[in-house]
Amino acid sequence: MSEFGVTGTPPARLSVGLVSAGRVGTAIGAALERRGHVVSAVVARSERSRELASRRLPEARFSDPVAVAGAGELLILAVPDKDLPGVVAELADADAFRPGHIVVHVAGAVGADVLRSAADAGAVVVAAHPAMTFTGGDSDIERMEGCSWALTSPDEVGLVVGQMLVMETGGLPVTVAESHRALYHAALAHGANHLVTLVNDAAEALAASFSVLPGGGVQGDPDGMLGSDAGALARRTLEPLLRAALDNVLASGESALTGPVMRGDAVTVSRHLDALEDVDSGIAAGYRALALRTADRCGAGRDVTDLLAPDLTEQLR
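Fair warning: this is a prediction, and the values are worked out from it, not measured in the lab. (Residues numbered from 1 in each chain as written. Predicted model: local features only at pLDDT ≥ 70, side-chain atom pairs only at ≥ 80, totals over all residues. Heavy atoms only, no water.)

With the rule as written, the count across this model stands at one cavity of 30 Å³ or more. Taken as a whole, the largest cavity spans an internal volume of roughly 90 Å³. Lining of the largest cavity is provided by I28, L32, L74, I76, V104, V106, A128, W149, G162, L165, V166 and T169. For the lining of the largest cavity, the secondary-structure elements that each account for two or more residues are α2 (23-34), β4 (74-77) and α8 (156-168). Among the elements that line the lining of the largest cavity, the one with the most residues is α8, at three residues. Taken together, the residues of the lining of the largest cavity break down into ten nonpolar, two polar and no charged. (1 Å grid on protein atoms, 1.4 Å probe; cavity = no way out; pocket = protein on both sides within 12 Å on 5 of 7 lines; lining within 4 Å. Points joined across faces, edges and corners; volume = space filled by probe spheres on them. Helix = DSSP H or I, 4+ residues; strand = E, 2+ residues; numbered from the N terminus. Nonpolar A, V, L, I, M, F, W, Y, C, P; charged D, E, K, R; others polar.)

Put into structure tokens, the structure is as follows:
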């Protein structure tokens, strides 16, 4: 197995152990199986994990972490960041790591140092995190094609092994230093997780603006395709706008910005805040925070910043 890291040539087939069989782990396992590798054993403690593993990795057997670690040449630890140290300690106490073993964890905010006990036992270790969101649906595996992975390893051999494994899933490897893993993961969470909150807040506010017809339908949905679901109409209304905004910012960066904050239109921003307060003060607070950050990035005038952060403005005077 050590020749994997030295020559840079992956073997025809790796036997893989997976701890555990959640949304991320089973998607990675399925992606590797598409390239001829075999997930031979998995840890699946919940009913949901067992269902995912049975559907995505039907040939894998269920077992405990120590047995799974001994079942393959490649061990993938796909547990949450907070649980990873305990799982590694459990395996180390059981002498489950060995020379020639490839041990990979896929947690985002943690580097390879958490795998020190495996490295001390002679294993090749690497932290390899896919920059992708996983829902448990069929599209998870398809989305891994072209997905970037952050690699962190204590040595060059681990990085080469990690690069080969990532390319086996159809992904693109990038290197992140041990000290920058939290920053890397924070950036992904800020962009992806908070986007979900932002879109849901926007859809809720937009739905509140729609008129409900006497018969219970939503004005703007004359065929009644959405029934009385104003939220569905709001998401349909937002979709082309949000897709265009995302495409524009990914292509053009700061120059993609439009709207009243960029234009210095404090009157419109004030109207927005009043209207959102009537719907949900939490949505208004989120708007205020993001508008202030937007004003800072685009250099909006004092009319806008005084409106958004009067207390801060007063302190600076």
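Moving on, we get to the packing of helix α9 (residues 181-209) against helix α10 (residues 230-252). Remark: α9 packs on α10, axes separated minimally by 8 Å, with the N-to-C direction vectors making an angle of 120°. Between α9 and α10, the crossing angle belongs to the class labelled oblique. Of the two possible hands of crossing, α9 and α10 adopt the one that is right-handed. Residues V199, A202, A203, L206 and A207 of α9 pack against A230, G231, A234, R235, T237, L238 and L242 of α10. Classifying every residue of the contact of α9 with α10 gives nine nonpolar, two polar and one charged. (Axes fitted to C-alpha atoms, helices over the stretch in contact; angles between N-to-C directions. Parallel < 35°, antiparallel > 145°, perpendicular 65-115°, else oblique. Left-handed = near helix turned anticlockwise from the far one by under 90°. Contact = heavy atoms within 4.5 Å.)

Attention shifts here to the nonpolar core. Counting residues in each nonpolar core, the largest one holds 34 residues, and the members touching the most others are V42, L74, I76, V104 and W149. Breaking this core down by element, the ones donating at least two residues are β1 (15-19), α2, β2 (38-43), β4, β5 (102-105), β6 (124-130), β7 (148-152) and α8. At five residues, the largest contribution of residues to this core is made by α2. In terms of nonpolar packing, the next biggest core, distinct from the first, is built from 20 residues, A41, L75, V88 and V103 among them. (Core = buried A, V, L, I, M, F, W, Y, C linked by side-chain atoms within 4.5 Å. Buried < 20%, exposed > 50% of the residue type's maximum accessible area, 1.4 Å probe, protein only.)

Among the secondary structure elements, E59 is positioned in the loop between α3 (47-56) and β3 (61-62). On the basis of relative accessibility, which here comes to 66%, the residue E59 falls in the exposed class. Each C-alpha atom, one on E59 and one on A41, is 8.5 Å from the other, the two residues being 18 residues apart in sequence.

This next bit is on the sheet that holds β4. With respect to topology, eight strands assemble into an open sheet ordered β3-β2-β1-β4-β5-β6-β7-β8, the strand pairing being mixed. Each edge of the open sheet carries a strand with a single partner, namely β3 and β8 (172-175). Pairing of β1 with β4, which is carried by four bridges, proceeds in the parallel orientation. The residue of β4 that forms the bridge with L18 is I76. Docked against the sheet, α9 engages β5, β6 and β7, running at close to 20° with respect to β6. (Pairing = 2+ DSSP bridges.)

What follows covers α2. Its twelve residues place the ends of α2 17 Å apart at the C-alpha level, agreeing with the 16 Å of an ideal helix rising 1.5 Å per residue. Among all positions of α2, only G25, T26, A27, I28, G29, A30, A31 and L32 are buried. With its phi angle positive at about 100°, G36 sits one or two positions after the end of α2. (Expected span 1.5 Å × (residues − 1).)

Okay, α3 next. Because each turn of an α-helix spans 3.6 residues, side chains separated by three or four positions end up pointing in the same direction. S49, L52, A53 and R56 are the residues of α3 that are buried. Taken around the axis of α3, the buried residues stretch over an arc of 95°, which confines them to a single face. Structurally, α3 contributes buried residues whose contacts are with α2, β2, β3 and α7 (139-143). (Arc of directions from axis to C-beta.)

Turning next to the layout of surface pockets. Volume-wise, the largest pocket comes out at about 2600 Å³. Taken together, 47 residues line the largest pocket, and the ones lying closest to its centre are L195, L198, L242, A245 and L290. In terms of residue class, the lining of the largest pocket is built from 27 nonpolar, twelve polar and eight charged. By volume, the second largest pocket is sized at about 1200 Å³. Taken together, 34 residues make up the lining of the second largest pocket; nearest its centre are V24, M132, T133, F134 and N193. Going through the elements one at a time, α2, α3, β6 and α9 are the ones with two or more residues in the lining of the second largest pocket.

In the structure shown here, the tally under the stated rule is zero aromatic pairs. It is R50 that lies over the ring of F62; its NZ or CZ is 4.6 Å from the centre. (Phe/Tyr/Trp six-rings, centres within 6.5 Å; stacked < 30°, edge-to-face > 60°. Lys NZ or Arg CZ within 6 Å of the ring centre and 35° of its normal.)

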